[in-house]
Amino acid sequence: MGNSLGENDFQPDTDFSGLYKEIDSGEEEIIISFIREWSGHFRRKELREKLQEKLPERITSQNYNRIIQKLLKTNMIALDSKGYIGWIFSRELYTKYATRPDLRLRQQP
C-alpha cells in the first residue's frame, strides 16, 4: 500500500546522469542509432555482437549492459516475448504528454 513506485514505473523527470556516469556517451549514441535502425531484428546478445563490428573499440559487457538497462528503464526500448529489442521512444509523443499536468504523478498528502 502507499504511493511508492514499482521498479518498472517510468518517471520522466528522473535524472539518470549520476547512475550512469561511467557510460561513454559516444558508445551510447552508437547503440541508440543502431537499435533505431535495426529495431526488432536482434536479441540482446546478437545486438552486442553486431555492434562490435561497428564500434572502433570493443565495448565492455558492463557498459553495454548499463546502456541497455538505462534504455529499458527510460522506456526508450522494449523487449518482446522472444527477447528481441525494439525502439519504442517517440520524442513527439513524449513532449506532447510530458507537458500535460493532468498526466503527472501526484503525491498524496
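Residues numbered from 1 in each chain as written. Predicted model: local features only at pLDDT ≥ 70, side-chain atom pairs only at ≥ 80, totals over all residues. Heavy atoms only, no water.

Details of the overall build of the protein
To be explicit about the condition: Here a helix means four or more residues in a row that DSSP labels H or I, a strand means two or more in a row labelled E, and each is numbered from the N terminus. The buried label applies to any residue whose accessible area, calculated with a 1.4 Å probe on protein chains only, is under 20% of its type's maximum; exposed applies above 50%, and partly exposed to all values in between. Residue contacts are defined here by distance: any two heavy atoms, one from each residue, within 4.5 Å place the two residues in contact. Every accessible area reported is derived by Shrake-Rupley at a probe size of 1.4 Å, with residue values counting cover from the shown protein chains alone.
A count of helices and strands for the protein gives 4 helices and 2 strands. In sequence order, the secondary structure elements of the protein are arranged as α-α-α-β-β-α. Scored against the burial criterion, the 109 residues of the protein give a buried share of 27%. Counting contacts in the protein only where the partners sit at least 6 residues apart, residues at least 24 apart contribute 58% of the total. Accessible surface, the protein: about 8,200 Å² in total, of which carbon and sulfur atoms supply 49%.

What about the side chain of T74?
Test applied: As used in this structure description, the phrase polar contact means that two N or O atoms lie within 3.5 Å; if the pair is within protein, one of them must be able to donate a hydrogen and the other to accept it, and residues adjacent in sequence are counted only when both atoms belong to side chains.
With respect to the helices and strands, T74 occurs in the loop between α3 (61-73) and β1 (77-79). You can call T74 buried: its relative accessible area is 12%. For T74, the side chain forms a polar contact with the main-chain oxygen of K70, separated by 2.8 Å.

Here we look at a nonpolar patch on the surface
For clarity, the threshold we go by: To count toward a patch, a residue needs a relative accessible area over 30% and no salt bridge; like charges are then connected within 9 Å, while nonpolar side chains (Val, Leu, Ile, Met, Phe, Trp, Tyr) are connected within 5 Å. Should a side-chain nitrogen of Lys or Arg be within 4 Å of a carboxyl oxygen of Asp or Glu, the pair is scored as a salt bridge.
Taken together, the side chains of L93, Y97 and L103 make up a nonpolar region of the molecular surface, amounting to roughly 280 Å² of accessible area. Given the relative accessible area of 47%, L93 is considered partly exposed.

Side note on the packing of helix α1 (residues 25-37) against helix α2 (residues 44-54)
As a reminder, the rule being used: In this description, a line fitted to the C-alpha atoms serves as the axis of each element, helices being fitted only across the stretch in contact, and the angle between N-to-C directions of two axes falls anywhere from 0 to 180 degrees. Angle categories: roughly parallel below 35 degrees, roughly antiparallel above 145, roughly perpendicular from 65 to 115, and oblique for all the rest. By convention, the crossing between two helices is left-handed when the near helix turns anticlockwise from the far helix through less than a right angle, and right-handed when the turn is clockwise. Ten residue types, Ala, Val, Leu, Ile, Met, Phe, Trp, Tyr, Cys and Pro, are classed as nonpolar, four, Asp, Glu, Lys and Arg, as charged, and the remainder, Gly among them, as polar.
Running from amino to carboxyl end, α1 crosses α2 at an angle of 120°, the nearest separation of the two axes being 11 Å. With respect to α2, the axis of α1 lies oblique. Of the two elements, α1 crosses α2, and the hand of that crossing is right-handed. Judged by residue contacts, I30, I31, F34 and I35 of α1 engage L47, K50, L51 and K54 from α2. Of the residues contributing to the contact of α1 with α2, the split by class is 6 nonpolar, no polar and 2 charged.

Let's talk about the pattern of salt bridges
Under the definition given, this model contains 2 salt bridges. One salt bridge connects K70 with E28, and the closest N-O pair in it is separated by 3.0 Å. Residue K70 is located in helix α3, and its partner E28 is located in helix α1; the two are separated by 42 residues in the primary sequence. Between D102 and R100 there is a salt bridge, with the nearest N and O atoms lying 2.7 Å from each other.

Describing the confidence of the model for the protein
Formally: pLDDT gives the predictor's per-residue confidence on a scale running from 0 to 100.
With 77% of its residues at a pLDDT of 70 or more, the protein shows a mean pLDDT of 78. Counting interchain partners and residues more than four positions distant, the pLDDT-below-50 stretch residues 1-22 has 21 contacts.

Observations concerning the packing of aromatic side chains
Given two aromatic rings, their pairing is described by the distance between the two centres and the angle made by the two planes. Stated formally: Pairing of aromatic side chains here covers Phe, Tyr and the six-membered ring of Trp, requires ring centres within 6.5 Å, and sorts the geometry by plane angle: under 30 degrees stacked, over 60 edge-to-face, intermediate tilted.
The final tally for this structure, using the stated rule, is 5 aromatic pairs. Measuring from centroid to centroid gives 6.4 Å for F34 and W38, while their planes differ by 35°, and the two rings are tilted. Residue W38 is classed as partly exposed on the basis of its relative accessible area, which comes to 34%. Pairing F89 with Y94 gives two aromatic rings, centres 5.9 Å apart and planes at 45°, and the pair type is tilted. On the basis of relative accessibility, which here comes to 18%, the residue F89 falls in the buried class. Pairwise contacts between aromatic rings join F34, W38 and F42 into one cluster.

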